[in-house]
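Report on the structure
What follows is each chain in one-letter form.
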Amino acid sequence: MASGMVRTRIWRDILAGCLLVAVLAIVPALIPARAFQDFVIRCSSMALFATSLNLLVGYTGLSSFGHGMFFGLGTYSFALLMQRTGVALPVAFLLTLLITAVTAVAVGAICIRLRLIYFAFVTLAMQMLLHSVVISWVGLTGGDQGLMGGIPRRSVLGVDLGLQYNLYVFSAVVLVAGLLLMRHIVNTAFGTSLRMIRDNEVRAAFLGIVVWRVKLTVFVLSAVFASVGGMVMSLFVSGAYPELINWPISGDAIFAIVMGGIGSFLGPAVGTMILLLLNDVVTRQTEYYGLALGLIILAFALGLRRGVLDFITERLGGRPAGGIS
Amino acid sequence: MDASALLDCVTTSSCLVTQTTSGLIVGMLLFLVAAGLTLIFGVLKIVNFAHGTFYMLGAYLAYTVFQITGSYWLGVLGGGLGMALFGVLFERFLIRRVYGANVLMQLLICYAVVLICDDLVKIVWGPDFRAMGMPPEFQVPPLFILGGVVPPFYLVLIAVSLLIGGGLGLTLGLTKIGKIVRAAAHNPDMVSALGINTTLLYSLVFAAGGALAGLAGGLAAPVRSLTPGMGFSILIESFIVTVIGGMGSIGGALIAAVVLGLIRSFGTIGFPQFTEGLMYIAMIIILVSKPSGLFGKEIV
Amino acid sequence: MRANQAALLNRRTVLAASAGSLAMPFIARAQANPLKIGIQSIFSGPIALLGTSSRGGFQPEIDRINATGGLLGRQIQPVYRDSKGQPQEAARVARELVNTDGCELLLDAEASSGAFAVQEVVRDLGVLCIHCAAETSSLTADPKLRAPTAFRSARQGVHDAIVGGVHSAKVAEAKKLTKWATCSPDYAFGRDTTAQFLEFLKHFAPNVETVSQSWPKLGQPDFTEVITKILQARPQALYSALYAGDLSAFINQGNVYAMFGAMEVFVPAMGDLPVLTGVKNLPAGIQSACRYLPAFPDTAANEAWYEAYRKANNNDYPTNWSWECATGIRLMEAAVKKAGSTDGKGVAAALEGLTIDSVFSTTGKVTMRAEDHTLIDYAIGWGTTIPKAPFLTAIEPGDWGQIAELETEWKKKNGYV
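Quick summary incoming for the structure in this document. Keep in mind the model is a prediction, meaning the values are calculated, not measured.

Bringing the packing of helix α3 (residues 51-69) of chain B against helix α5 (residues 103-125) of chain B into the picture now. All names here are of chain B. Where α3 meets α5, the axes come as close as 10 Å, and the angle between the chain directions of the two elements is 20 degrees. Put simply, α3 runs roughly parallel to α5. α3 and α5 meet at a crossing whose hand is left-handed. For the pair α3 and α5, the contacting residues are T53, M56, L57, Y60, L61, Y63 and T64 in the first and V114, C117, D118, V121 and W125 in the second. Its residues assigned to classes, the contact of α3 with α5 comprises 9 nonpolar, 2 polar and 1 charged.

Shown next as structure tokens:
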């Protein structure tokens, strides 16, 4: 691909991102429903998390069942830094990224030695281990009650994130920035080597790709983006709770990816939106939302047999950019 | 960590006997559930995330049959047979459609089934917990063996579980159908090419897996509480057992389940705070050093 | 099926009211400007009973208020939501109830972890909220966690610990029980209540020593290894903070080992009807707190409430949460009437120190204590189980003077005052 074309694409993506933020920033003036803002905040958090997992699943072929550990680590590190130390929000943000990256190097170094379902299980065990540490280390984490008492000093560059509208715009900006960065990552040469590893690890190694180093790098990168999602969630719930680091949270991201489309960059974000919408709408309608949600998921999964965006892309005759065939 | 308490326990016969039987009963029931999970994985390479739900439905079915007939063994049988049928339907109408699809798609389908079944249980049996109660024939005082306390009911459960496990092992090891199952686990295409009906075979494997989980649920029903969502913790423990024992290895599941039961019964005396964390650490160490598990064939 | 019952009840009352008075314009007007109250709880998973039996406590009260002209002349429209027991969902649901559904008041029947999350939302939004199920003491006792417009109509953990300690110490002295074991769920509520219970027990019976402590996981399917561990320690008495399904499994498995004959057992959560009726082969002689029983207080009014509850709720038994929720909405009703509005600050001011008539009290009245926004003077007492109805006998009521005194001491020790 010519570098000029790449540059054009980057600018086009950035423009689209800015447009999205601008539109979102005006919407509340037209529709004053605060639930919409809440929805966007939660959606930003989970969409970042799901897209980061798809760096592993869709682009590298590493199905992690424990990615939620980094989402949870993000919520806990961030909330603890804000509550226990006097640092400003941006500093806590960067420190959390650092903590996550260091942890991910250690965890990743162990996990990427394994493949397929074994990789899935070892990541799951890692998350469960971290979860049981959070539960038993009551002095630091508050145990099963989580970190209560709210998050102090919620301001960035003088903008008070305690106000809902500000947090809403902030999370939209974080979402767009995160998505742009991840999009850039998968479109570089590094992204190409990810797909080569996914399609044929042996051939990739033969072509001079240091497989373990690439895998570890993408593992750490995806962990860092997941922790950003965790931090947005931490701001939304004013704290951190063990449910945010427990196994089902990994499941949420996996389901978002599968529903939205493994092979499309925006698939996980679309899947997140579908799942959150379903959750919010169905829980309003019926107490038996499990039944309703389960049936809808089955209809989706058996009807399309792939994610929504992948389905649309294939119908339009295109080939999905990623994905496991 | 309380090493002296642990030492005291393993050196007195009463404590040794009591804790060993208590570890065995926990382990044997877990083995039944994990055996089905590992069997399904071994043959079909499907991780059945709905397996805990099989266990839950088996327990509820047994509860209802017991209420109607008053017979515990009919209840257990009802749980087992009902779940065998459920397993066949589950395979035929859902899982069969996603063979060869991404493992995450299979996970999604199982998740949907878990959601649906938890709600169905709530609708049919109510949101409250249910207790079957001890069947009259087992309302007997515990035995004292070498100073240790051993409930006769648990001895029966251990024996029945061993019988079921032994029967499964013999079927797989000695019969023709067992050979086919093992061959299919090894090389499904070859089995299919030899003219064996793999469609039927896969149904059979899911029936067996479902029956094992259903039997375990039914057997445990007199002493455990039945709640919607009760399958979740069993599922997690079965995963640990399956992974440690080697995914696809029935014998490995038996040994891992008993070891896990014993770690729990002696661990609660020696190091009560961190038994759970230890399980995960063991799981990680085994996965990293020998991904196929202690007793599985080398796959990676 | 029961999901629709609330709606059905509503429709039935509205129909009855319209048929009775033919006052269609009034009802039409009332329906045009209903007073929405957000009610959140857990309606799914292993403790869905929390949600269903809480709704069972709320809905008849709402129907009664609506049948008699509503609150401030407006018909109450409850908006029920399920948080699934997840704190982040509880926070979202609370915000959404207020922001989107336009609820002016909140009734929160979440378990403790959810209630703490709701508390933060209430602090942000300034809406009036009554926690109707969370018992963890710090929710209102700790001034750092207390919120100006949040109250608790549920029992408070430390009250139970005090009454339990006093009662158990008496039994311990009489029966010479000095070697105690504990077995409680391994999470904050279980650990806190156990520590508080032991503290007050040892305060009154200094000879007591703890010989063994077990902490099974919440929702653990099998307690066998814990039971055998307790048997190994050969205690004379056992305290357990297990409840609901876990407690039932613990008792069934303990029966297999004949545990209940081997020691005196103290279980505060035993005295709730679903447990008492749900446990098969209930052992006699377990010492238990009374959570809710139609026979305590033994009054005609309490019995009548019990009958009415079962009639309105599919013949289900009311739980401890049912009376806490019924009390919550009655307090809310009285305070809104007194304040003349639903404004958070106004209703909060009216609620502080408010006393209402209540069938759930041995004195016939309960009070929302002004200083820490928590309920006092409710029925609290310990009795002994028998295998048949009324299941709990010889109930000895706690002394609220003594409770207040010891509670203050406890608060001082924890730096809450």
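Residue and element names in this part refer to chain C. Pairing in this open sheet of 5 strands is parallel, and the strands run β2-β1-β3-β4-β5 from one edge to the other. Two strands in the sheet have a free side with no partner beyond their single neighbour: β2 (76-82) and β5 (150-152). Neighbouring strand axes in the sheet, compared pairwise and without regard to direction, differ in orientation by 20 degrees on average. Taken together, the 3 bridges between strand β4 (residues 128-131) and β5 define a ladder with parallel strand orientation. Looking across to β5, one finds that H131 is bridged to R152. The strands that helix α15 (residues 344-351) touches are β4 and β5; relative to β4, the one it contacts most, it runs at about 45 degrees.

The interface is formed by 43 residues belonging to chain B together with 38 residues belonging to chain A. Together chain B and chain A conceal approximately 3,900 Å² of surface at their shared face, both sides included; 84% is due to carbon and sulfur atoms. When the area that chain B buries against chain A is broken down by residue, the three leading residues are L104, L108 and I284 of chain B, summing to 15%. Along the contact surface separating chain B from chain A lie 0 salt bridges. Taken together, the links from chain B to chain A amount to 2 residue pairs in polar contact (both at pLDDT 80 or more). Broken down by element, the residue count for the side of chain B that touches chain A peaks at 14 residues, all from α5 of chain B.

Further remarks concern a nonpolar patch on the surface. Among the surface-exposed residues, I255, V259, I263, L294 and F295 of chain B lie close enough to one another that they form a single nonpolar patch of about 410 Å² accessible area. Residue I255 of chain B is classed as partly exposed on the basis of its relative accessible area, which comes to 39%.

Conventions used here
Residues numbered from 1 in each chain as written. Chains lettered and ligands numbered in written order. Predicted model: local features only at pLDDT ≥ 70, side-chain atom pairs only at ≥ 80, totals over all residues. Heavy atoms only, no water. Axes fitted to C-alpha atoms, helices over the stretch in contact; angles between N-to-C directions. Helix = DSSP H or I, 4+ residues; strand = E, 2+ residues; numbered from the N terminus. Parallel < 35°, antiparallel > 145°, perpendicular 65-115°, else oblique. Left-handed = near helix turned anticlockwise from the far one by under 90°. Contact = heavy atoms within 4.5 Å. Nonpolar A, V, L, I, M, F, W, Y, C, P; charged D, E, K, R; others polar. Pairing = 2+ DSSP bridges. Buried area = accessible area lost by both parts, 1.4 Å probe. Salt bridge = Lys/Arg side-chain N within 4 Å of Asp/Glu carboxyl O. Polar contact = N/O pair within 3.5 Å; in protein donor to acceptor, adjacent residues only side chain to side chain. Patch = residues over 30% accessible without salt bridge, like charges linked within 9 Å, V, L, I, M, F, W, Y side chains within 5 Å. Areas by Shrake-Rupley, 256 points an atom, 1.4 Å probe, with all protein chains shown as cover. Buried < 20%, exposed > 50% of the residue type's maximum accessible area, 1.4 Å probe, protein only.

Honestly, that's just the spatial picture; any functional story needs more than this.
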